[in-house]
Amino acid sequence: KQEVTQIPAALSVPEGENLVLNCSFTDSAIYNLQWFRQDPGKGLTSLLLIQSSQREQTSGRLNASLDKSSGRSTLYIAASQPGDSATYLCAVRGNQGGKLIFGQGTELSVKP
Amino acid sequence: NAGVMQNPRHLVRRRGQEARLRCSPMKGHSHVYWYRQLPEEGLKFMVYLQKENIIDESGMPKERFSAEFPKEGPSILRIQQVVRGDSAAYFCASSRDSFAYGYTFGSGTRLTVV
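Residues numbered from 1 in each chain as written. Chains lettered and ligands numbered in written order. Predicted model: local features only at pLDDT ≥ 70, side-chain atom pairs only at ≥ 80, totals over all residues. Heavy atoms only, no water.

S.K.: Mind showing me how you'd approach the overall build of chain B here?
M.R.: Helix and strand counts for chain B come out as 0 helices and 11 strands. The order of helices and strands in chain B, counted from the N terminus, is β-β-β-β-β-β-β-β-β-β-β. Over its C-alpha atoms chain B spans a radius of gyration of 13 Å, differing by no more than 12% from the 13 Å that the globule rule assigns to 114 residues. In terms of principal-axis extent, the alpha carbons of chain B reach across some 40 × 25 × 25 Å. Counting the 114 residues in chain B, one finds 45% classified as buried. A separation threshold of at least 6 residues defines the contact pool for chain B, and within that pool the share at least 24 residues apart is 52%. For chain B, the exposed surface amounts to about 5900 Å²; the carbon and sulfur share of it is 45%. (Helix = DSSP H or I, 4+ residues; strand = E, 2+ residues; numbered from the N terminus. Rg over C-alpha atoms; globule rule 2.2 N^0.38 Å. Buried < 20%, exposed > 50% of the residue type's maximum accessible area, 1.4 Å probe, protein only. Contact = heavy atoms within 4.5 Å. Areas by Shrake-Rupley, 256 points an atom, 1.4 Å probe, with all protein chains shown as cover.)

S.K.: Before we go on, may I ask you to explain the state of the cysteines in this structure?
M.R.: Any covalent bond linking the sulfur atoms of two cysteines counts as a disulfide. Residue and element names in this part refer to chain A. Counted by the stated rule, this structure contains 2 disulfides over all chains. Note that Cys23 is cross-linked by a disulfide to Cys90, the S-S spacing being 2.0 Å. Because the torsion about its S-S bond is -55°, the bridge between Cys23 and Cys90 counts as left-handed. Residue Cys23 is located in strand 3 (residues 19-25), and its partner Cys90 is located in strand 9 (residues 86-94); the two are separated by 67 residues in the primary sequence. Relative accessible area serves as the criterion here: at 2%, Cys23 is assigned to the buried category. (Disulfide = S-S within 2.5 Å.)

S.K.: Where do I start with the sheet that holds strand 3 of chain A in this structure?
M.R.: Sheet strands line up and pair through hydrogen bonds in the backbone, either parallel or antiparallel. Residue and element names in this part refer to chain A. Spatial ordering of the open sheet is given by 1-3-8-7-6, a layout of 5 strands whose pairing is antiparallel. Of all strands in the sheet, those with a lone pairing partner are strand 1 (4-7) and strand 6 (56-59), marking the two edges. Across this sheet, the average inter-strand angle for adjacent strands is 15°, counted without regard to direction. (Pairing = 2+ DSSP bridges. Axes fitted to C-alpha atoms, helices over the stretch in contact; angles between N-to-C directions.)

S.K.: Honestly, the pairing of strand 5 (residues 43-50) of chain B in this entry has me stumped. Any pointers?
M.R.: Where a strand is regular, its side chains alternate between the two sheet faces. Residue and element names in this part refer to chain B. The element strand 5 is largely enclosed, with a buried count of 6 among its 8 residues. Sheet topology note: the strand 4 (residues 31-37)/strand 5 ladder contains 7 bridges and is antiparallel. Pairing of Val32 across the sheet is with Leu49, part of strand 5. Linking strand 4 to strand 5, which pair antiparallel, is a turn of 5 residues; within it Glu40 sits at a positive phi near 65°. Where strand 5 and strand 6 (residues 53-56) come together, 3 bridges link them in antiparallel fashion. Across the sheet, residue Leu49 finds its bridge partner in strand 6, namely Ile54. In sequence, strand 5 turns back onto strand 6 through a hairpin of 2 residues, with Glu52 there showing a positive phi of about 65°.

S.K.: For this particular structure, what's the right way to read the packing of aromatic side chains?
M.R.: In this description, an aromatic ring pair is defined by two values, namely the gap between the centres and the angle between the planes. Residue and element names in this part refer to chain A. Under the counting rule described, the total for this entry stands at 10 aromatic pairs over all chains. Between the aromatic rings of Phe36 and Phe102, the centroid separation amounts to 5.6 Å while the plane-to-plane angle is 40°, which identifies the pairing as tilted. Placement of the pair is Phe36 in strand 4 (residues 30-38) and Phe102 in strand 10 (residues 100-102), with a sequence separation of 66 residues. Residues Phe36 and Phe102 agree in their burial class; the two are buried. (Phe/Tyr/Trp six-rings, centres within 6.5 Å; stacked < 30°, edge-to-face > 60°.)

Written out as structure tokens, the structure reads:
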């Protein structure tokens, strides 16, 4: 059974810092991995999607890497801003397709 | 493209009533997924549907919960005889046919049972 773990559960940094959020999964037989952002009381916004054959994806100040064999992904946020404050969720899709399995999320607070 | 549309945004039901949550997928998306987010908990998969078919309902509670995605119209998640423990945010997501595409989520329906 696939399990997804995100570390740390919460993170507080001053504005301008570069930071890394971690995601690990127990079953390496994944189809792809997706990072989302969730603001309080809101829905999920997709940030990056990495296929199992890819090593990384970039969008603006965000860079996500994937090491499928070791069951790890990282989300790197460069030059953090207060507007980046949100909960970041990692989710994996198994080789059978269908459902995403989510981690518990990392709650990020960027202080001005 | 309006994205994934969920309604209502907020729903209040008394214990024992029925709750109906609606989800219209993005245009061109034929796969629909329902997730539940309990307070202070993560997102838990409930059910995966394609038009007129339930593909995976391994996350659905065995009683009181049902889901459908008819040939015409939105997907419906139905909760009968609601209890306080059903209070949660219910999210719908959709995707295209190929699993190579990611999910797009709706804004959710926040159900409160009083």
